[in-house]
Amino acid sequence: MGEHGGWQRTAAGAGLLSTDGSIAATIFAEMSALATETGAINLGQGFPDEDGPAEVLEAATESIRNGANQYPPGRGIADLRLAIAQHQERFYDLTVDPDTEVLVTAGATEGLAAAILALVEAGDEVLTFEPFYDAYGGLIALAGAEHRTVPLRWPDFQPDHDELRRAVTDNTRIILVNNPHNPTGAVFDRATLELIVELAHRHDAIVVTDEVYEHLVYGATHIPVASLPGAWERTLTLSSGGKTFNTTGWKIGWATGPAALVTAVTTVKQFLTYVNGAPFQPAMATGLRLPDSFFVGAAADLQAKRDILADGLRSAGFALSLPHGSYFIVADASALGVEDAADFCRRLPSLAGVVGIPITAFVHGDRHSEYRSLVRFAFCKKRAVLHEAATRLATLRA
């Protein structure tokens, strides 16, 4: 989903069709197709090329063997909801009622869709930071809401507090916070998050947080908005296990928050997927209960992978914004003479045998000029793959 590629508005109010009436292809599909055609290393889309922990995979297999293959309960199986509540207390000192304040969703994206559709009315404003995960634009449009943004600028991608204050108004229904942030890898500091809570109270807005990279942070601390003073009663937290446990195809996510907000989201979810992932839910509960050493090790492994790709990009002549979270690193190609990152990304598979995504794919058209030379690369790949990508990218300087 997104707002790119010359889409038109449909009768439902969302720009999901191309001008000839077909389903609009995203830049991600285009770049993945190029990777297949050219044999390029695909550092465009953020999915790992290694399986998750053996005990989590085995738990899913055992669930299938033991007959967990039919509809699970609407809010998710009781043990997964308990594991989610235990996770929130273990890592963030948040006390969550697993029966009324937890909902299992088909990944965080379904949680986002259900939250926006449940909490927003036509004409309301939803505020996101820009660049933004491309699904946000499509989901906001589906709800008939107005999409407002606050820019995150190179090189640190932290919001200007005065711009944030001006952007939140009495028309703002949701402040959507993606932290750690995709596509920039930024991790917002406590002062920024406290300001968001302050503005939500001042303008009676709801904070919806997308925290799928919560355990993938490097040299920074992830602070859930819900853990801040005064935040819980108006914050809905969304996350998933796909990124943490290398199980992106399972689509097991969750929402936590006040019972009234979770119930509102549940009301919409029942008309989306209804339920999902029966045999994967017990496995996700197993993952959430892994020892601290797993979570520390997962972050350390990705940090090492980040550094491999960062070294390669620097050697190729890119300037970097070194990320403190997520799977992604943003590189500025202007020193290579690049003025149009989208065109550059279309040529990069032939030039160097590597695929990236232009940051302009994550912004509104009127902001393209601010991000025109920036490219996002994913480093959630095997180390050997990243070393090979670095070697290939080095040919750009030559």
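Residues numbered from 1 in each chain as written. Predicted model: local features only at pLDDT ≥ 70, side-chain atom pairs only at ≥ 80, totals over all residues. Heavy atoms only, no water.

Per an unreviewed UniProt entry, the recorded name for the chain is Succinyldiaminopimelate aminotransferase apoenzyme, and the organism is Mycetocola miduiensis. In its Cofactor (unreviewed entry) section, the UniProt record describing the chain reads: "pyridoxal 5'-phosphate". The record in UniProt for the chain states the following under Sequence similarities (unreviewed entry): "Belongs to the class-I pyridoxal-phosphate-dependent aminotransferase family." (UniProt positions renumbered as here; feature names shortened; annotations may be inferred.)

Draft legend 1. Broad picture of the domain arrangement of the chain. Taken as a whole, the chain is organised into domain 1 (6–51 + 294–394) and domain 2 (54–290). Listed per partner, the contact involves 42 residues of domain 1 and 42 residues of domain 2. In total, about 3300 Å² of surface goes out of reach between domain 1 and domain 2, with carbon and sulfur atoms giving 63% of it. Of all residues in domain 1, Phe295, His324 and Phe362 give up the largest surface area on contact with domain 2, accounting jointly for 21% of the area buried on that side. At the boundary of domain 1 with domain 2, the tally comes to two salt bridges. Among the ionic pairs, Glu370 bridges to Arg153, the shortest N-O distance being 3.6 Å. (Domains from an automatic or database assignment. Contact = heavy atoms within 4.5 Å. Buried area = accessible area lost by both parts, 1.4 Å probe. Salt bridge = Lys/Arg side-chain N within 4 Å of Asp/Glu carboxyl O.)

Draft legend 2. Geometry of the pattern of salt bridges. Enumeration over the complete set of coordinates arrives at 23 salt bridges. The partner of Lys269 in a salt bridge is Glu110, with the nearest N and O atoms 3.0 Å apart. Here Lys269, found in helix H8 (residues 259–269), pairs with Glu110, found in helix H4 (residues 107–119); they are 159 residues apart in sequence, far enough to count as distant. For the pair Lys269 and Glu110, a shared accessibility class is recorded, and that class is buried. One salt-bridge network, held together by shared partners, links Glu130, Arg153, Glu163, Arg367 and Glu370. (Helix = DSSP H or I, 4+ residues; strand = E, 2+ residues; numbered from the N terminus. Buried < 20%, exposed > 50% of the residue type's maximum accessible area, 1.4 Å probe, protein only.)

Draft legend 3. Focus on a nonpolar patch on the surface. Residues Leu117, Leu142 and Leu272 make up a contiguous nonpolar surface patch of roughly 220 Å² in combined accessible area. Looking at the element boundaries, Leu117 is found in helix H4. (Patch = residues over 30% accessible without salt bridge, like charges linked within 9 Å, V, L, I, M, F, W, Y side chains within 5 Å. Areas by Shrake-Rupley, 256 points an atom, 1.4 Å probe, with all protein chains shown as cover.)

Draft legend 4. Main features of the side chain of Lys243. In this structure, Lys243 sits in the loop between strand S7 (235–240) and strand S8 (253–256). Among buried Asp, Glu, Lys and Arg side chains, Lys243 stands out as unpaired, with Asp210 the closest opposite charge at 7.6 Å. Excluding residues that lie within four positions of it along the chain, Lys243 makes contacts with Gly46, Val212, Tyr213, Leu216, Thr248 and Tyr327. (Lys, Arg positive; Asp, Glu negative; His and termini not counted.)

Draft legend 5. Region of the structure containing the packing of H4 against helix H5 (residues 135–142). Here H4 crosses H5 at 30°, and the two axes come no closer than 9 Å. Taken together, the axis directions place H4 and H5 in an arrangement best described as roughly parallel. Considering how the two elements wind past one another, H4 and H5 form a crossing that is right-handed. Residue-level contacts link Thr109, Leu112, Ala113, Ile116 and Leu117 of H4 to Ala135, Tyr136, Leu139, Ile140 and Leu142 of H5. Residue classes in the contact of H4 with H5 are distributed as nine nonpolar, one polar and no charged. (Axes fitted to C-alpha atoms, helices over the stretch in contact; angles between N-to-C directions. Parallel < 35°, antiparallel > 145°, perpendicular 65-115°, else oblique. Left-handed = near helix turned anticlockwise from the far one by under 90°. Nonpolar A, V, L, I, M, F, W, Y, C, P; charged D, E, K, R; others polar.)

Draft legend 6. Inspection of the layout of surface pockets at higher detail. Taken as a whole, the largest pocket encloses approximately 590 Å³ of empty space. Elements with a contribution of two residues or more to the lining of the largest pocket: H4 and H5. Among the elements that line the lining of the largest pocket, the one with the most residues is H4, at three residues. Broken down by class, the residue content of the lining of the largest pocket amounts to 12 nonpolar, 10 polar and five charged. Of the residues that make up the lining of the largest pocket, three or more belong to each of domain 1 (6–51 + 294–394) and domain 2 (54–290). (1 Å grid on protein atoms, 1.4 Å probe; cavity = no way out; pocket = protein on both sides within 12 Å on 5 of 7 lines; lining within 4 Å. Points joined across faces, edges and corners; volume = space filled by probe spheres on them.)

Draft legend 7. Structural context of the pairing of strand S10 (residues 328–332). Within S10, five of the five residues are buried, which leaves it mostly tucked inside the rest of the structure. Alternating positions in S10 separate into two faces, Phe328, Val330 and Asp332 on one and Ile329 and Ala331 on the other, with burial throughout. Where strand S9 (residues 319–321) and S10 come together, three bridges link them in antiparallel fashion. Its bridge partner being in S10, Leu320 is matched across the sheet by Ala331. Following S9, the chain reverses through six residues before pairing antiparallel with S10; Ser326 in that reversal takes a positive phi of roughly 80°. Bridge analysis of S10 against strand S13 (residues 374–378) gives five bridges, and the strand direction is antiparallel. Pairing of Ala331 across the sheet is with Val375, part of S13. (Pairing = 2+ DSSP bridges.)

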